[in-house]
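# Structure at a glance
Each chain, letter by letter, is given below.
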Amino acid sequence: MCALASLKSGNCQDHSPALKFLGLTHQWMMDQFPVGVFMVNTRWQIHFFNQTAQAITGFSREEALGKFCWDIFRSDLCHKKCPMRLSMSTGEILVNREVEIITKGGQKKLIMVNTSQLKRPDNVVLGGVETFHDLSCHQYPAEGKDREAFPDIVGVSPRMQEIIHDLPIIAASESNVLILGESGTGKELIARALHSLSPRCKGPFQAINCSAIPETLLESELFGYERGAFTGAVSSKAGKFELAKGGTLFLDEIGDLRPELQVKLLRVLEGKGFERVGGNRKIPLEARIVAATNVDLQEAMRQGRFRDDLYYRLFTVPIHLPPLRDKREDIPILVKYFLEQLNRKFNKRIRGVDPKVMKLFCRHPWPGNVREMQHVLEYCFVFAKGPFITERHLPRLESAWAGRELETLDSARSPLQALERETIIKALERVAGSKNEAARLLQISRSKLWRKMRVYKIKEAEFKK
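Along each chain, residue indices are assigned from 1 in the same order as the chain's sequence is written. Per-residue local features are limited, in this predicted model, to residues with pLDDT of at least 70; the limit for side-chain atom pairs, both in listing and counting, is 80 or more; totals at the level of whole chains, interfaces and linings are taken over all residues. Excluded from the side-chain calculation are hydrogens and water; included are all heavy atoms of the structure.

## Focus: the overall build of the chain
Secondary structure elements follow DSSP: runs of H or I of four or more residues count as helices, runs of E of two or more count as strands, with numbering from the N terminus. Within the chain, the secondary structure is distributed over 21 helices and 16 strands. Within the chain, the fraction of its 465 residues that count as buried is 47%. Here the analysis covers contacts within the chain between residues at least 6 apart in sequence; of these, 62% occur between residues at least 24 apart. The accessible surface values rely on the Shrake-Rupley method and a 1.4 Å probe; as for residues, cover is taken only from the protein chains in view. Carbon and sulfur atoms make up 52% of the accessible area of the chain, which amounts to about 23,400 Å² in all. Throughout this description, buried means an accessible area under 20% of the type-specific maximum (1.4 Å probe, protein chains only), exposed means over 50%, and partly exposed covers the range between. Any two residues having at least one pair of non-hydrogen atoms within 4.5 Å are treated as being in contact.

Following this line, the structure appears as structure tokens:
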């Protein structure tokens, strides 16, 4: 056992005839391992440190050898619940223990460790050995001021860090903001952060989804109505513009707003006032407007579906949220964030995801973005009984989560998309292809249903009787 013999000297003498014949050394062999390996003597000094251990920790072999292991790994478990300490004292082999270390660069990193005692054939303990691998695709930073200021906005990618840096500056202004990004990227979180950081933070935050409310009701929801304005209006009611006085009005899915309402919204923004439906009294606009959409507004303008003048009114300060596939370095920290949330929700103590699951997550295209990840992890929480989420806990609506290599699935639908497509098809079948009736059943606007049918390549004619 060269590794055992080297504990006292720090040098590795090759005694294996096979390795000698091949002209190889034990050091070379251990450096080929895809996991980190290090060994300590009974005084906790490191006497072996392979190449993968250097890559994960950031410390070179020369820097690590002879140092105490806690000076290299700097985990909060080092002096209390260290797995290596437990193995050294009891002789127990510990497998798949999650440990958070701090790299040489000061970044927190989650690793999975396996530890064992090292002893001679006569049972004299010489030290301990640990193998470990990185649980994340990339490193994620230590908690800092930005993380504390935006607890629900998670991201270490350059674009997300830029957004987090700019949020206080944008919030301090009174300019209109347009948040652009695919569904599930967290547009409302950004809007709420802008409100909470703004001078209007003590005022109300009113949100309305322009595609979720039937078109016939949207105008009265936005502007309010006077008594007798229409059948059923037995009393006056304030709309979102009025309720947001002194605060922020968040207009989500603004790209689905029908043309007539686009004109009225433009007049409100230009004239800084509005009238209730059925009324003639001008009410001043005293709310900041933050809008969001997943629609390509440039393309919508070219097709005549969105007004140019409204676009430029809303586009004063744009914020572009990247899709999850373009910021894969955020995946590990997002997983950690959702695990913390879901542990509280389900009253469980799930400590992490299996490395194979993390590998799948890092390769998956995530067409539903962060929202899709949240739902997938919540699905896993329902079925997970042990401390880790494994492949068998992943949803099986499609084979995407059944262990296939996901780099070949960029064009495939996610489980959530497959379920959504199936729901739309069933609704259309039930109403013989009528988009109006299907939209009513699905409780979405007709324009949103049309857009989803186009994305999923569902043809209305197939359901006509």
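## Regarding the packing of aromatic side chains
Two descriptors summarise a pair of aromatic rings, namely the distance from one centre to the other and the angle between the planes of the rings. Note on ring pairs: Phe, Tyr and Trp rings are taken, using the six-membered ring of Trp, and paired if centres are within 6.5 Å. Classes follow the plane angle, with under 30 degrees stacked, over 60 edge-to-face and the rest tilted. Per the stated rule, a full pass over the model turns up 16 aromatic pairs. Centre to centre, the rings of Tyr311 and Phe315 are 4.8 Å apart; their planes meet at 20°, and the pair counts as stacked. Taking the relative accessible area as the measure of exposure, Tyr311 reaches 4% and is therefore buried. When the centroid spacing of 5.0 Å and the interplanar angle of 50° are considered together, the rings of Tyr379 and Phe383 count as tilted.

## Re helix H20 (residues 435-442)
Listed as buried for H20 are Lys435, Ala438 and Ala439. Down the axis of H20, the sector holding all buried residues measures 100°, keeping them to one side. Once H20 finishes, Gln443 follows within two positions and takes phi at roughly 60°, a positive value. Taking the helix axis as origin, the arc is that swept by the directions to the C-beta atoms.

## A closer look at the pattern of salt bridges
Salt bridges are defined as contacts in which a side-chain nitrogen from Lys or Arg sits within 4 Å of a carboxyl oxygen from Asp or Glu. In this structure the tally under the stated criterion is 20 salt bridges. Ionic pairing is found between Lys237 and Glu221, a salt bridge with its closest N-O pair at 3.8 Å. Taken together, the residues Lys237 in strand S9 (residues 237-238) and Glu221 in helix H11 (residues 215-223) connect sequence positions 16 residues apart. The partly exposed category is assigned to Lys237, whose relative accessible area is 38%. What makes Glu221 partly exposed here is its relative accessible area of 26%. With a shortest N-O distance of 2.7 Å, Glu260 and Arg258 are connected by a salt bridge. Through salt bridges with shared partners, a single ionic network connects Glu226, Glu242 and Arg276.

Just distances and angles here, no functional claims.
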